[in-house]
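Here is how the chains run, residue by residue.
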Amino acid sequence: MSGATTPSTGAGAPSEPAQGERSWPLWEVFVRGKRGLSHVHVGSLHAPDAELALRNARDVYTRRQEGVSIWVVKADDVTASSPSEKDSFFDPAGDKIYRHPTFYDVPEDVEYL
Amino acid sequence: MYGNDVIDPNEPLNAAETADYDAAAEHDDQRDGRDAVGDDFDALLAADQRIEPRDAMPDDYRETLIRQIAQHAHSEIIGMQPEGNWITRAPSLRRKAILIAKVQDEAGHGLYLYSAAETLGIDRQELLERLHDGKQKYSSIFNYPTLTWADCGAIGWLVDGAAIMNQVPLCRCSYGPYARAMVRVCKEESFHQRQGFEILWNLMRGTESQKAMAQDAADRWWWPALAMFGPPDTGEAAKGGHTEQSMAWGIKRFSNDDLRQKFVDMMVPQAEKLGIVLPDPELRWNDERGHWDFGEIDWDEFWQVLRGDGPCNAERIEHRRRAHDEGAWVREAANAYAAKQATREREQQQQKESAA
């Protein structure tokens, strides 16, 4: 089983593989705490495939009934905005304070506004 | 491990929950961190903002965190052994189920922490190798043996109690992933400490020999638990240590001595309630200081155990390596299965494409 023992995907492996065993790909875990709430990122774990990632996520992150639904996403499949471009990336919203309700001057004695 | 939003912040944490913890939880709730603070490392620290994985940070900060988080993670998984030792001999099915759950929690804590360390750009496999090769350490406390059932009680009450005292301030650590992992860990530790107290509580209301067993366990674990906070780091002793730098970086929030004093102050009344006599003739209330005075810790023993000459150092690492090696076939099987599934999916995809 020589060929079969290598991980199915090297996508999550770091650029410099640790000697000996290679780490499994990294999966990001999202849990829906209860009905009516969004899935929220709770952490990550290593697993050889999605099925085991899901099972391990259940054992690691929902041992105390913290969830009713879990998503696992391969960390490499997440595209993130870059911290160094944070300013230029989010700047466009900076001068549009008229998008907030508090921007508007209205008489104080108007109800339900 | 970057998130803790699933945890209800209004639920009480544990006995060590204090204003410090509340401050940490409040910190997590703040939504206005984007205001007025630059992305510069020092500016973020000065504003008590969290550093996140992809932010620029000094190499020393990164290295210090990797070392500390790794040692912490190693302590969690080595910490599975002393109590794991009693799973097959737990006195009842109830105790056995509890002990298994607790040991499983320790494995989970190790995983949260290794994940936090990995966000700093190190591979978990590399960290495990450093543990197995003795290049990185774990908490000395786990190099003491669990001789009787009462030791499981003493570990939960004293060792987990000390761990909580150490860990609650880490919920406010400047590095986001570490802080968030600690919120989760602290939450789970409260069950550990309470179950330990309950074991001793039951023994202390049992037969004479059961009481003696509980007292003996407390006698053996008290001093090592006090040493868990690390060597003195206030006054003269602070010079040349890591504490000052770690405090400046917001990794550490209290000195070792402060945390140790808080721990003693918390445990003395609990010991009285249990009817256990803490093995320190110098323990007495100091009205002037408003704290309990306590005797001198044997730091020679601490350094000796840390260097590797404790009762169980060799056994712990040997066991850890064996468990890792004996689990190799499980990891290989998982790899083989994943590879087979991937091949099958690829073939089905190709068939679909050629059929279309």
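As the structure is a computational prediction, the values presented were derived from the model and not from experiment.

*Asks:* Would you mind going over the overall build of chain B in detail, with residue names and values included?
*Replies:* Within chain B, the secondary structure is distributed over 14 helices and two strands. Expressed as a percentage of its 356 residues, the buried residues of chain B come to 53%. Counting contacts in chain B only where the partners sit at least 6 residues apart, residues at least 24 apart contribute 79% of the total. Accessible area of chain B: about 16,800 Å², with a carbon and sulfur share of 50%.

*Asks:* Requested: an account of the pattern of salt bridges, with residues and values cited.
*Replies:* Residue and element names in this part refer to chain B. Inspection of every chain in the model, using the stated rule, returns 24 salt bridges over all chains. Its salt-bridge partner being Glu-52, residue Arg-180 comes within 2.8 Å of it at the nearest N-O pair. Residue Arg-180 is found in helix α8 (residues 176-204), and its partner Glu-52 is found in the loop between α2 (41-46) and α3 (59-78); the two are separated by 128 residues along the sequence. The exposure class of Arg-180 is buried, given its relative accessible area of 12%.

*Asks:* Give a description of the sheet that holds strand β3 (residues 69-74) of chain A that names residues and reports values.
*Replies:* Residue and element names in this part refer to chain A. Read across the open sheet, the three strands follow the order β2-β1-β3; overall the sheet is antiparallel. Both outer strands of the open sheet, β2 (39-46) and β3, are each paired with one neighbouring strand and no more. Pairs of neighbouring strands in the sheet enclose a mean axial angle of 25 degrees, with direction left out of account. Pairing analysis gives seven bridges linking strand β1 (residues 26-32) to β2, with the strands arranged antiparallel. Across the sheet, residue Trp-27 finds its bridge partner in β2, namely Leu-45.

*Asks:* Could you give an account of the pairing of β2(A), with specific residues and numbers?
*Replies:* Among the eight residues in β2(A), seven count as buried, and that is most of the element. Hairpin remark: β1(A) followed by β2(A), antiparallel, with six residues in the connecting loop; positive phi at A:Gly36, about 95 degrees.

*Asks:* So, unusual backbone geometry: which residues are in play, and what are the values?
*Replies:* In this model, A:Tyr112 sits at a positive phi of 55 degrees, which is unusual for a non-glycine residue. Phi at B:Asp48 takes a positive value of approximately 55 degrees, unusual for a residue other than glycine. You can see B:Asp48 is positioned in the loop between α2 and α3.

*Asks:* Give a description of the side chain of B:Arg320 that names residues and reports values.
*Replies:* Residue and element names in this part refer to chain B. Topologically, Arg-320 is positioned in helix α13 (residues 313-326). Within the buried core, Arg-320 has no salt-bridge partner, and the shortest N-O distance to an opposite charge, that of Asp-325, equals 8.3 Å. Apart from the residues within four sequence positions on either side, Arg-320 is in contact with Ile-77, Ile-78, Gln-81, Leu-128, Leu-131 and His-132.

*Asks:* So what about the confidence of the model for chain A? Which residues, and what values?
*Replies:* Residue and element names in this part refer to chain A. Considering every residue of chain A, the mean pLDDT works out to 81; 81% of them sit at 70 or more. Per-element confidence in chain A is highest for β3, whose mean pLDDT is 97, and lowest for helix α2 (residues 86-90), whose mean pLDDT is 80. The low-confidence segment residues 1-20 (pLDDT under 50) makes 30 contacts with residues lying over four places distant or belonging to another chain.

*Asks:* Explain the packing of α3(B) against α8(B) residue by residue, including any values.
*Replies:* Residue and element names in this part refer to chain B. For the pair α3 and α8, the least separation of the axes is 13 Å and the interaxial angle reads 25 degrees. Between α3 and α8, the angle is such that the two are roughly parallel. By crossing handedness, the relation of α3 to α8 is classed as left-handed. Residues Leu-65, Gln-68, Ile-69, His-72 and Glu-76 of α3 lie in contact with α8, whose contacting residues are Tyr-178, Met-182, Val-185 and Glu-189. Grouping the amino acids of the contact of α3 with α8 by side-chain chemistry returns five nonpolar, two polar and two charged.

*Asks:* Break down the nonpolar core for me, citing the residues and quoting the values.
*Replies:* Ranked by size, the top nonpolar core spans 102 residues in total, and within it A:Leu45, B:Tyr61, B:Ile69, B:Tyr175, B:Tyr178, B:Trp221 and B:Phe263 carry the most contacts. Setting aside its immediate chain neighbours within four residues, A:Leu45 contacts A:Pro25, A:Leu26, A:Trp27, A:Val29, A:Ala53, A:Asn56, A:Ala57, A:Tyr61 and B:Leu111.

*Asks:* Requested: an account of the environment of A:Ala75, with residues and values cited.
*Replies:* Residues and elements named next belong to chain A. Counting through the fold element by element, Ala-75 comes out in the loop between β3 and α2. Here the alpha-carbon distance between Ala-75 and Glu-28, two residues 47 residues apart in the chain, equals 5.6 Å. For Ala-75, the contacting residues outside a window of four places in its chain are Leu-26, Trp-27 and Glu-28.

*Asks:* An account of the pairing of β1(A) is needed here, citing residue identities and associated values.
*Replies:* All names here are of chain A. Within β1, five of the seven residues are buried, leaving the element largely enclosed by the surrounding structure. Pairing of β1 with β3 involves six bridges; the strand directions are antiparallel. Directly across from Phe-30, in β3, lies its bridge partner Trp-71.

*Asks:* Any chance you could break down helix α6 (residues 124-132) of chain B for me, citing the residues and the numbers?
*Replies:* All names here are of chain B. Residues of α6 that are buried include every one of Gln-125, Leu-127, Leu-128, Glu-129, Leu-131 and His-132, and no others. The secondary structure elements touched by the buried residues of α6 are α3, α5 (93-118) and α13. Residue Asp-123 occupies the N-cap position of α6, its side-chain oxygen lying 2.9 Å from the main-chain nitrogen of Gln-125. Phi for Gly-134, located one or two positions after α6, is positive at around 75 degrees.

What counts, and at which threshold
Residues numbered from 1 in each chain as written. Chains lettered and ligands numbered in written order. Predicted model: local features only at pLDDT ≥ 70, side-chain atom pairs only at ≥ 80, totals over all residues. Heavy atoms only, no water. Helix = DSSP H or I, 4+ residues; strand = E, 2+ residues; numbered from the N terminus. Buried < 20%, exposed > 50% of the residue type's maximum accessible area, 1.4 Å probe, protein only. Contact = heavy atoms within 4.5 Å. Areas by Shrake-Rupley, 256 points an atom, 1.4 Å probe, with all protein chains shown as cover. Salt bridge = Lys/Arg side-chain N within 4 Å of Asp/Glu carboxyl O. Pairing = 2+ DSSP bridges. Axes fitted to C-alpha atoms, helices over the stretch in contact; angles between N-to-C directions. Lys, Arg positive; Asp, Glu negative; His and termini not counted. pLDDT = per-residue confidence, 0-100. Parallel < 35°, antiparallel > 145°, perpendicular 65-115°, else oblique. Left-handed = near helix turned anticlockwise from the far one by under 90°. Nonpolar A, V, L, I, M, F, W, Y, C, P; charged D, E, K, R; others polar. Core = buried A, V, L, I, M, F, W, Y, C linked by side-chain atoms within 4.5 Å. Polar contact = N/O pair within 3.5 Å; in protein donor to acceptor, adjacent residues only side chain to side chain.

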